[in-house]
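Residues per chain, in single letters:
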Amino acid sequence: KVVKQMLTRSPFIEIVGTWKLVSVVHEDAQTGERTSLLGAHPRGYQIATPEGRWLALVTAEGRKLPQTDEERANALRTMISYTGKYRLEDGKVITKIEAAWNEAWVGTEQVRAYRFEGNRLYLESPPQPHPNAGGRVVRIIATWDREN
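Undergrad: Help me understand the pairing of strand β1 (residues 17–28) in this model?
TA: Residues in a regular strand project their side chains so that they alternate between the two faces of the sheet. Relative to strand β3 (residues 43–48), β1 is paired through 4 bridges, and the arrangement is antiparallel. When the bridges of β3 are listed, Trp19 appears paired with Gln46. Pairing of β1 with strand β10 (residues 137–146), which is carried by 9 bridges, proceeds in the antiparallel orientation. Its bridge partner being in β10, Trp19 is matched across the sheet by Arg146. Of the strand pairs in this sheet, β1 and strand β2 (residues 34–35) are connected by 2 bridges, and their pairing is antiparallel.

Structure below.
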């Protein structure tokens, strides 16, 4: 019943699908400086199902197969991945995190403002401490293209 109700709302229909990552920018909340912590060409996909499941996986540009403990730790710092049930509210997609690369996110809700331009999806987080940014408070700005 919930899925049927959600399918009648246009933004839900638009967000359902597979999205390929175009870019990720971290904006420092204090300085406004924007950096591409994952490189100019990170890789990733985001999947939103009609049943309400969200899955995101992003990896940095130029990652290498880790051989040492230090390299394995760096591999963790050069990725973002999480999944959970999502809902749309007031121009935001809210995901209740069930599993994540960062255990601190499990059980939380990750909120992203969304907007569409054709087959492009823009997601922006509110300012938050981010483990991949050394704990600095940043706003994450991600751009995705619909995969087809």
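Undergrad: Help me out: how do you make sense of the pattern of salt bridges in this one?
TA: Any two side chains of opposite charge can pair, on the condition that their charged atoms come close. Inspection of the entire model under this criterion finds 10 salt bridges. Of the charged contacts in the structure, one is a salt bridge between Arg87 and Glu109, with a shortest N-O distance of 3.0 Å. Taken as a pair, Arg87 in strand β5 (residues 79–89) and Glu109 in strand β7 (residues 109–117) lie far apart in primary sequence, 22 residues in all. Judged by its relative accessible area of 38%, Glu109 falls in the partly exposed class. Residues Arg139 and Glu124 are paired through a salt bridge, measuring 2.4 Å at the closest nitrogen-oxygen approach. With Arg139 in strand β10 and Glu124 in strand β8 (residues 120–124), the pair connects residues that are 15 residues apart, well separated along the chain. Bridged by salt links that share partners, the residues Glu27, Arg34, Glu124 and Arg139 form one connected network.

Parameters at a glance
Residues numbered from 1 in each chain as written. Predicted model: local features only at pLDDT ≥ 70, side-chain atom pairs only at ≥ 80, totals over all residues. Heavy atoms only, no water. Pairing = 2+ DSSP bridges. Helix = DSSP H or I, 4+ residues; strand = E, 2+ residues; numbered from the N terminus. Salt bridge = Lys/Arg side-chain N within 4 Å of Asp/Glu carboxyl O. Buried < 20%, exposed > 50% of the residue type's maximum accessible area, 1.4 Å probe, protein only.

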